[in-house]
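Architecture and fold: a report
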Amino acid sequence: MIETLPKTLACLLDGLVDYAGLFPPAREDMETMVKGFDDGLDHPMGWMLARVIVPVGKLDEFEQAAASLLPDDDTDDPWCLSVLVSPAGSDELEGDIERLAAFNERHCNAANGLALADVIELRADSAEAIDSALDLLPDDLFPFFELSSSSDSRGLLAALAGSEAAAKIRTGGIKPELNPSTADVARFIRNAVQADVPFKATAGLHHPLPNENPSIPAHQQGFLNVFLASAAAAVHRLNEGDIVELLDYTGAIEFEDDQVSIDGLVLGCEQLEASRGGTAISFGSCSWREPIADLQSLGYLPRLDSSD
């Protein structure tokens, strides 16, 4: 970790990105993706990376492509995976869970390369489906249930409240209709905070600040805003309109060791750390280089060398 970074910025960025190189718009092949993840872990900002995202149906392909790259010393940390599995309530989910157990058994042995699939992501459209999935899951798998960002999520969040589970919101996509409005994102954040359910985001968060993407076209959220707005919503009990204002804020964000300030709202370092652990966890991105480059361009991160 870069010692000169303000503590609040380091806290915000630590383990923030789940690498989803297989998915659009990058759509990398498996060999390119695993090499990209390996490069990311070796990068000076590699501590921003948390997990690599792999569909359960491509685990065999992942194992083949990553065989020479996975850590092979018992003292090394394993590659951590978040695996996309069948929807909650589906007949296929139990088989997916068994497949993950076999994967983890193989890759707890350094001779096979160290890897750990300890997180899953799955869609859920009813409280009953969530309950049935939770009944199936072993204690060593943590689920993120993808909920609709455009409909009222309060009932599904209530089903998750108090459980060892979290929600997931889709914050973008390659078609206009896949990009939720700022009001939809703000409503989800407020509902998740009120239900005390942590969440992750996926798609559309390549850039630190909100922006217009003409290639889709769509208005897209900024990851700094999403995670700071989530922390502020939890600490200051913001209403939906206040969260919208933070999500749309494009001014300077002041990161210091003991606090961060955005649009006049102040969060202490400990408050931000608590939010990263229990409110807004991470976001999936098909690029880890782009967020780093943007943070450097905005002056939040130093430019390390010509290759970064």
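These lines cover the structure that appears in this document, whether it is placed above or below. (Residues numbered from 1 in each chain as written. Predicted model: local features only at pLDDT ≥ 70, side-chain atom pairs only at ≥ 80, totals over all residues. Heavy atoms only, no water.)

Time to look at the pairing of strand β12 (residues 265-268). As defined by bridge partners, strand β11 (residues 259-262) adjoins β12 across four bridges and the pair is classed as antiparallel. In the strand pairing of β12, Ser261 is matched with Val266. Adjacent in sequence and paired antiparallel, β11 and β12 are bridged by two residues, among which Asp263 carries a positive phi angle near 50 degrees. (Pairing = 2+ DSSP bridges. Helix = DSSP H or I, 4+ residues; strand = E, 2+ residues; numbered from the N terminus.)

What describes a pair of aromatic rings is the distance from one ring centre to the other and the angle between the planes of the rings. Counted by the stated rule, this structure contains nine aromatic pairs. Where Phe37 meets Trp79, the ring centres are 5.0 Å apart and the plane angle is 80 degrees; that geometry is what we call edge-to-face. Here Phe37 is found in helix α2 (residues 30-42), whereas its partner Trp79 is found in strand β3 (residues 79-84), with 42 residues between them in sequence. There is no split in this pair, since Phe37 and Trp79 are both buried. By the ring-pair criterion, three or more aromatic residues cluster together here, those being Tyr19, Phe37, Phe62, Trp79 and Phe103. Lying across the ring of Phe144, Lys200 places its NZ or CZ 5.9 Å from the centre. (Phe/Tyr/Trp six-rings, centres within 6.5 Å; stacked < 30°, edge-to-face > 60°. Buried < 20%, exposed > 50% of the residue type's maximum accessible area, 1.4 Å probe, protein only. Lys NZ or Arg CZ within 6 Å of the ring centre and 35° of its normal.)

With that out of the way, let us pick up the pattern of salt bridges. Where charged atoms from two side chains of opposite charge approach closely, those side chains can pair. Applying the stated criterion to the full structure yields 12 salt bridges. A salt bridge links Arg51 to Asp118; its shortest N-O distance comes to 2.8 Å. With Arg51 in strand β2 (residues 49-55) and Asp118 in strand β4 (residues 115-123), the pair connects residues that are 67 residues apart, well separated along the chain. The exposure class of Arg51 is partly exposed, given its relative accessible area of 22%. A salt bridge links Arg187 to Glu240; the nearest nitrogen and oxygen atoms lie 3.5 Å apart. With Arg187 in helix α7 (residues 182-195) and Glu240 in helix α9 (residues 240-247), this residue pair connects regions lying 53 residues apart in the sequence. Under the relative-accessibility criterion, Glu240 is labelled partly exposed at 25%. (Salt bridge = Lys/Arg side-chain N within 4 Å of Asp/Glu carboxyl O.)

Our focus in this paragraph is the packing of α7 against α9. It is the contact of α7 with α9, at a shortest axis distance of 9 Å, that shows an interaxial angle of 120 degrees. When the axis of α7 is compared with that of α9, the two are oblique. Judged by the sense of rotation from one axis to the other, the crossing of α7 with α9 is right-handed. Together, Thr182, Ala183, Val185, Ala186, Arg187, Ile189 and Arg190 of α7 and Glu240, Ile243, Val244 and Leu247 of α9 make up the contact between the two elements. When its residues are assigned to classes, the contact of α7 with α9 shows seven nonpolar, one polar and three charged. (Axes fitted to C-alpha atoms, helices over the stretch in contact; angles between N-to-C directions. Parallel < 35°, antiparallel > 145°, perpendicular 65-115°, else oblique. Left-handed = near helix turned anticlockwise from the far one by under 90°. Contact = heavy atoms within 4.5 Å. Nonpolar A, V, L, I, M, F, W, Y, C, P; charged D, E, K, R; others polar.)

This next bit is on the sheet that holds strand β7 (residues 199-202). By definition, the strands of a sheet pair up through backbone hydrogen bonds, in either a parallel or an antiparallel sense. Here we have eight strands rolled up into a closed barrel, ordered β1-β2-β3-β4-β5-β6-β7-β13, and parallel in their pairing. When strand polarity is set aside, the average angle formed by the axes of neighbouring strands in this sheet is 30 degrees. Note that strand β5 (residues 142-147) and strand β6 (residues 166-170) share four bridges and pair parallel. Its bridge partner being in β6, Glu146 is matched across the sheet by Lys168. Contacting β7 and β13 (280-285), helix α8 (residues 223-236) runs over the sheet at an angle of about 160 degrees to β13.

Turning next to unusual backbone geometry. The omega torsion across Pro24 and Pro25 is 5 degrees, close enough to zero to call that bond cis. Position of Pro25 relative to the elements: it lies in the loop between β1 (17-19) and α2. Cis geometry marks the peptide bond from Ile216 to Pro217, where omega comes out at -10 degrees. Mapped onto the fold, Pro217 is located in the loop between β8 (211-213) and β9 (218-220). Of note in the backbone geometry, Arg237 takes a positive phi value of approximately 50 degrees without being a glycine. Inspection of the secondary structure assignment puts Arg237 in the loop between α8 and α9. Take Arg237: its relative accessible area is 58%, and that puts it in the exposed class.

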